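Next come the chains, spelled out residue by residue.
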Amino acid sequence: MKICVVGSGYVGLVTGTCLAEFGMTVTGVDKDAAKIAALQRGEIPIYEPGLEELVEKNMKQGRLSFTTDLAPAIREARGVFIAVGTPPLPDGRADLSFVRQVAELIGDNLNGYKVVINKSTVPVGTGQMVETVVRERSGGDHEFAVVSNPEFLREGSAIEDFMHPDRVVVGAKTQRAVDVVLEMYAPLKAAGVPFVISNVESAEMIKYASNGFLATKISFINEVAELCERVGADVDVVARGMGLDNRIGPKFLHPGPGFGGSCFPKDTLAVAQIAEEHGMSFELIDAVLSVNERIKRRMIPKIEEAMGGVAGKTIALLGLAFKGDTDDMRESPTIPIVEGLIAHGATVRAFDPAAMEVARGLLPESVVYCDDTYETARGADCLVIATEWNQFRALEFDRLLELLKTPLVVDLRNLYEPARVAAAGFRYVSVGRSEAGA
Ligand code: NAD
């Protein structure tokens, strides 16, 4: 089956590449000419483990190609995925202008039965909007269907998540459209992955409700961590004790500096906005949003307190991306943290294995970017771990002890056992646990 994927960002590129791996013939489209030129040369514009090899393999085998020319790609395809961005508008609603543009172009180029599959995260009712736009622009000459197939992949493990999802959600009006989508996902069906088949509205809601719930779980444990600090409990033990309860589960119970990234902040904001548009105040989601803002800001006094003030001092910051294994800086908690520390007079030296290029455009100009962990630490008054990259889980503390001016580690991700870092000669401050070391 020929497939066109419009939007070659994190979701579109991974979707197109994995569907090519499933045997489909895929054309990836993007309006960003530089991105497409890079992809045509086999260069991957994003950091995503395993993606480069899979793109190269499928391009070589002739099942994956890239173009900026949307019209022929749509005309040839049976299935057209919409995987463009839906960033937040100033009032929190999802900006659907990219989705609408693509729907218009699909309508202009409709030349036979096609299934338009929406993978972007969109508010309930968007499927209906896409259907109306395609019908208007195509003049009603051809049949088509609009399907909602929300994506749940996580950056950093996107290939694994796409190939082994917990479930695939397909929202459609007709069995004919469902069957086309099931054909694309045949290897997943064969592997026993559960499929949730619903109407379009429920499928759209599943995505927002899932992200809203996960964001709630993160904010919940972040507030529990804060309380643990006050009462002398250890949040890691508390989270383990909670997570072993099957009704709760252990995932998303890791405290940290607040959630960020391209999904949770914008999707929770959108849920609140959708509720408001429908005359309801989603109180829990409103609370999650304000808790997350507070948690991010709480990290600044936490570091200041540990250092006895930051004015005139140097901080070595490990990790800038919103989480490990990605170069994504969108809504990264490190942005307000770095801004706050610099505003209070600190010098920030920073290192991230993948996100520094992107970070340069987002962080204050005075940030000093370093080539590795140890160069970052040289002469600093404190080492702050802000992102859970694996390489920060295996720090050489002997070296750090020599390089840092003050043996102080503030770990915003709880990557270490406090006693271990203390035994290496450091004062160790983490989240939701008692301080360790001298
Ligand atoms: P992205 O910004 O990385 O990629 C979007 C791409 O679409 C860009 O390359 C952009 O140039 C392209 N584009 C925009 N308008 C276009 C047009 N008219 N024609 C062709 N290309 C166009 O975004 P993303 O992270 O891949 O997210 C896409 C959607 O998937 C969003 O709705 C997001 O919420 C959702 N989502 C993202 C993730 C994630 O982890 N990133 C996970 C699940 C769902």
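Residues numbered from 1 in each chain as written. Predicted model: local features only at pLDDT ≥ 70, side-chain atom pairs only at ≥ 80, totals over all residues. Heavy atoms only, no water.

J.: What is the right way to look at the domain arrangement of the protein chain in this model?
T.: Interfaces are often described in size by the accessible area the parts lose on coming together. As assigned here, the protein chain comprises domain 1 (2-198), domain 2 (208-288) and domain 3 (296-429). Taking only C-alpha atoms, the centre of domain 1 and the centre of domain 3 are 37 Å apart. Of the residues lining the interface, eight residues belong to domain 1; the matching set on domain 3 comes to nine residues. Its largest share of buried area at the contact with domain 3, domain 1 owes to Tyr-10, Tyr-47 and Glu-155, together 78% of the area lost on that side. Remark: the boundary between domain 1 and domain 3 carries one salt bridge. Arg-330 serves as the salt-bridge partner of Glu-155, at 3.7 Å between the closest nitrogen and oxygen. Summed over the shared surface of domain 1 and domain 3, the number is three residue pairs in polar contact (both at pLDDT 80 or more). In terms of residue class, the side of domain 1 that touches domain 3 is made up of five nonpolar, one polar and two charged. (Domains from an automatic or database assignment. Contact = heavy atoms within 4.5 Å. Buried area = accessible area lost by both parts, 1.4 Å probe. Salt bridge = Lys/Arg side-chain N within 4 Å of Asp/Glu carboxyl O. Polar contact = N/O pair within 3.5 Å; in protein donor to acceptor, adjacent residues only side chain to side chain. Nonpolar A, V, L, I, M, F, W, Y, C, P; charged D, E, K, R; others polar.)

J.: Can you help me understand empty space enclosed by the protein in this one?
T.: Where empty space is left in the structure can be found by rolling a water-sized probe over the atoms. A complete count under the given rule lists two cavities of 30 Å³ or more for this structure. Taken together, Gly-127, Gln-128, Glu-131, Val-146, Lys-173, Val-200 and Glu-201 form the lining of the largest cavity. Of all the secondary-structure elements, those providing two or more residues to the lining of the largest cavity are helix 6 (126-138) and helix 10 (200-231). A class-by-class count of the residues in the lining of the largest cavity yields two nonpolar, two polar and three charged. (1 Å grid on protein atoms, 1.4 Å probe; cavity = no way out; pocket = protein on both sides within 12 Å on 5 of 7 lines; lining within 4 Å. Points joined across faces, edges and corners; volume = space filled by probe spheres on them. Helix = DSSP H or I, 4+ residues; strand = E, 2+ residues; numbered from the N terminus.)

J.: Please explain the nonpolar core as it appears in this structure.
T.: Here is a general trend for soluble globular proteins: nonpolar side chains tend to be buried in one another's company. Residues Ile-303, Leu-320, Leu-341, Leu-383, Leu-395, Leu-400 and Val-410 are the most contacted members of the largest nonpolar core, which totals 56 residues. The element contributing the most residues to this core is helix 13 (residues 283-307), with seven residues. In contact with Leu-383, other than residues within four places in its own chain, are Ala-316, Leu-318, Ala-377, Leu-395, Leu-400, Leu-404, Leu-408, Val-409 and Val-410. Leu-39, Val-55, Ala-83 and Val-178 belong to the second-largest nonpolar core, a separate cluster that totals 44 residues. (Core = buried A, V, L, I, M, F, W, Y, C linked by side-chain atoms within 4.5 Å. Buried < 20%, exposed > 50% of the residue type's maximum accessible area, 1.4 Å probe, protein only.)

J.: Would you take a moment to explain the site of the ligand for this structure?
T.: Among the 26 residues in the neighbourhood of the ligand, the closest are listed as Asp-30, Lys-35, Thr-86, Glu-155 and Lys-266. Between Asp-30 and the ligand, the recorded distance is 2.6 Å, taken from a side-chain N or O atom to an oxygen atom. In the environment of the ligand, a nitrogen atom lies 3.3 Å from a nitrogen or oxygen atom belonging to the side chain of Ser-262. In the complex, 90% of the free accessible area of the ligand, which totals 830 Å², lies under the protein chains. Elements with a minimum of two residues in the shell around the ligand: helix 1 (10-21) and helix 5 (97-108). Counting residues per element, the shell around the ligand draws most heavily on helix 5, which supplies three residues. Class assignment for the residues of the shell around the ligand results in nine nonpolar, eight polar and nine charged. Two domains each provide a minimum of three residues to the shell around the ligand, namely domain 1 (2-198) and domain 2 (208-288). (Near = heavy atom within 4 Å. Areas by Shrake-Rupley, 256 points an atom, 1.4 Å probe, with all protein chains shown as cover.)

J.: In this structure, what is going on with helix 3 (residues 51-60)? I would like to understand it.
T.: It helps to recall that an α-helix has 3.6 residues per turn; residues three or four apart then point in one direction. Looking only at helix 3, the buried set comprises Leu-51, Leu-54, Val-55 and Asn-58. Angular distribution of buried residues about the axis of helix 3 spans 100°; they occupy a single face of the element. Seen from the buried face of helix 3, the exposed residues on the opposite side, beyond 90 degrees, are Glu-53 and Lys-60. For helix 3, the elements touching its buried residues are helix 1, strand 3 (64-67) and helix 7 (158-163). (Arc of directions from axis to C-beta.)

J.: Looking at this structure, I do not really get the pairing of strand 7 (residues 168-171). What am I missing?
T.: Of the two faces of strand 7, the one carrying Val-168 and Val-170 and the one carrying Val-169 and Gly-171 are both buried. Here strand 7 runs beside strand 8 (residues 195-198); their pairing, made up of four bridges, is parallel. Note on strand 8: the bridge partner recorded for Val-168 is Phe-195. (Pairing = 2+ DSSP bridges.)

J.: Explain the pattern of salt bridges to me, please; I cannot follow it from the model alone.
T.: A side chain with one charge may pair with a side chain of the opposite charge, provided their charged atoms come close. In the structure shown here, the tally under the stated rule is 28 salt bridges. Ionic pairing is found between Asp-236 and Arg-433, a salt bridge with its closest N-O pair at 3.0 Å. With a gap of 197 residues between them, Asp-236 in helix 11 (residues 235-243) and Arg-433 in the segment after strand 14 (427-429) connect regions that are remote in the sequence. On the accessibility criterion, Arg-433 (6% relative accessible area) is buried. A cluster of three or more residues bridged by salt bridges with shared partners is formed by Glu-223, Glu-226, Glu-229, Arg-230, Arg-294, Arg-298 and Lys-302.

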